[in-house]
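Coordinates in review
One-letter residues, chain by chain:
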Amino acid sequence: MATVIRNPLLIPSTSHHHNPNRNSSSVLLALRFPQTSLRHSSLQFKSRFAVSCCASEPSLRRRPPYVPNRIADPSYVRIFDTTLRDGEQSPGASMTSKEKLDVARQLAKLGVDIIEAGFPAASKDDFEAVKAIASEVGNAVDDDGYVPVICGLSRCNENDIRRAWEAVKYAKRPRIHTFIATSAIHMEYKLRMSKEKVIDTARSMVKFARSLGCEDVEFSPEDAGRSDREFLYEILGEVIKAGATTLNIPDTVGINLPSEFGRLIADIKANTPGIENVVISTHCQNDLGLSTANTIEGARAGARQLEVTINGIGERAGNASLEEVVMALRCGAHVTGNLYTGINTKHIFLTSKMVEEYTGLQLQPHKALVGANAFAHESGIHQDGMLKHKGTYEIIAPEDIGLERTNEAGIVLGKLRYAIFVSLEHIYLHGSYTP
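Residues numbered from 1 in each chain as written. Predicted model: local features only at pLDDT ≥ 70, side-chain atom pairs only at ≥ 80, totals over all residues. Heavy atoms only, no water.

Looking at an unreviewed UniProt entry, one finds the protein chain named 2-isopropylmalate synthase, with Phaseolus vulgaris as its source organism. Recorded in UniProt under Sequence similarities (unreviewed entry), the annotation for the protein chain is "Belongs to the alpha-IPM synthase/homocitrate synthase family." Of the protein chain, the UniProt comment under Pathway (unreviewed entry) reads exactly: "Amino-acid biosynthesis; L-leucine biosynthesis; L-leucine from 3-methyl-2-oxobutanoate: step 1/4." (UniProt positions renumbered as here; feature names shortened; annotations may be inferred.)

A look at the pattern of salt bridges
Inspection of every chain in the model, using the stated rule, returns 26 salt bridges. R229 serves as the salt-bridge partner of D267, at 3.2 Å between the closest nitrogen and oxygen. Of this pair, D267 sits in helix 7 (residues 258-271) while R229 sits in helix 6 (residues 229-242), placing them 38 residues apart in sequence. Exposure remark for D267: the relative accessible area of 17% places this residue in the buried category. The class for R229 is partly exposed, based on a relative accessible area of 26%. Residue R316 is joined to D287 by a salt bridge in which the shortest nitrogen-to-oxygen separation is 2.7 Å. One end of the pair, R316, is in the loop between strand 8 (305-308) and helix 9 (322-331); the other, D287, is in the loop between strand 7 (279-284) and helix 8 (291-300), and 29 residues separate them in sequence. Judged by its relative accessible area of 45%, R316 falls in the partly exposed class. (Salt bridge = Lys/Arg side-chain N within 4 Å of Asp/Glu carboxyl O. Helix = DSSP H or I, 4+ residues; strand = E, 2+ residues; numbered from the N terminus. Buried < 20%, exposed > 50% of the residue type's maximum accessible area, 1.4 Å probe, protein only.)

Examining unusual backbone geometry
Positive phi values are uncommon outside glycine, yet R316 reaches one of about 55°. The phi angle at L369 is positive, at roughly 75°, despite the residue not being glycine. With respect to the secondary-structure elements, L369 resides in the loop between helix 11 (348-359) and helix 12 (380-388).

Re the sheet that holds strand 2 (residues 114-118)
Pairing within the closed barrel is parallel, and its 8 strands lie in the order 1-2-3-4-5-6-7-8. Across this sheet, the average inter-strand angle for adjacent strands is 25°, counted without regard to direction. Both strand 7 and strand 8 contribute to a ladder of 3 bridges, which runs parallel. Considered in strand 8, the bridge of H283 is made with E307. Seen against the sheet, helix 8 touches strand 6 (246-251), strand 7 and strand 8 and runs at an angle of roughly 170° to strand 7. (Pairing = 2+ DSSP bridges. Axes fitted to C-alpha atoms, helices over the stretch in contact; angles between N-to-C directions. Contact = heavy atoms within 4.5 Å.)

Quick notes on the side chain of S220
Along the chain, S220 falls in strand 5 (residues 217-222). Residue class for S220 comes out buried when judged on its relative accessible area of 4%. At a separation of 2.9 Å, a polar atom in the side chain of S220 contacts the side chain of N248. Residues contacting S220, with those up to four places away along its chain left out, are H177, T178, F179, I180, N248 and P250. (Polar contact = N/O pair within 3.5 Å; in protein donor to acceptor, adjacent residues only side chain to side chain.)

A look at the packing of aromatic side chains
For the coordinates displayed, the defined rule picks out 1 aromatic pair. Here Y76 and Y340 contribute two aromatic rings whose centre-to-centre distance is 5.2 Å and whose plane-to-plane angle is 70°, an arrangement assigned as edge-to-face. Remark: Y340 occurs in the loop between helix 10 (333-336) and helix 11 and Y76 occurs in the segment before strand 1 (78-81); sequence separation between them is 264 residues. Exposure class is identical for Y76 and Y340. Each is buried. The ring of F127 has R163 lying over it, and the distance from NZ or CZ to the ring centre is 3.8 Å. (Phe/Tyr/Trp six-rings, centres within 6.5 Å; stacked < 30°, edge-to-face > 60°. Lys NZ or Arg CZ within 6 Å of the ring centre and 35° of its normal.)

Following this line, the structure appears as structure tokens:
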């Protein structure tokens, strides 16, 4: 067997911080050899194949004018970002008021339609943060007339709703989002309320929110994924009559399978009286790892607002991830019927990193799209394909989400290629190699 000569100046030490097996993916293949020794000649020719599902120019369709209870273009999907509310409820995550304002500014650059800025009744700090976001970000109208809706969450009680309104009313487009549970287990054990009482409370609190002067009221039947269908149709019909403009359907505990959740949205759309007068929304938790799939199925079934968070952070296992949902819609337009969003995807990576830093919730390396390994290639078979044509193993170009990698092909040096690396480097330095 040939002996590999290791150059101590080139091989990382085996200490905890430089274990070649542990950190091999961080060693970029940036060899100093002539480019012709690494590149395949086929790269000189223009390929007739698309490099990625996003290789063509993004849709030229413009974001339709904002009207609370309807969307002029049936193919447009509103993105409701709840990073600052549900996302901040992640165990271990917390942001200062200044950090929340910074994130809200970045979400506006990203182009989200609605920013759920917090739960104003939860604390004085949260109230002030929501108010500051409403006052600043909620009034920064761009040249195209875009300004995000600023939303505050509230339970179905007058104190919460009034507090939410006091915080968001400074925005150009304020919204109150109120909720009450509708599943049997929640009504019996948490609320201790009858169906009739839940309906009456929901109806009266939506009316109360509208009476404060708020023309944009979202209602959520918490734990809709486990709620009785006929009861859902009834309560949703009542809140529509009371003045709700958006109906959000949450899979609160992440129990639904994609086909099941899609059917739920379709059934609500088909059976709820007055449903044509509101926008249907989804809010999918990730307890079974299905939040993105469920959200996409909800959109296919007729939902035109999707509730998401940056990096998928949130309660327990988190929420549907904004970056995954937006890019799945963009890449799967042939399946979804050409649905589109107003998101500027080139701001995705920076927004992800900002949220990661501010919350302290580190991303797993293999996180879709924004993880450290999302555009890295270690397998020799994959590397060969990437050198010949990037489209062989990348369906999305990193530049599409605002990522500029220092290594053009995303190739990393894994443990299986250390021997080759050392041998080639020795030849380059000394002109020959003797095992």
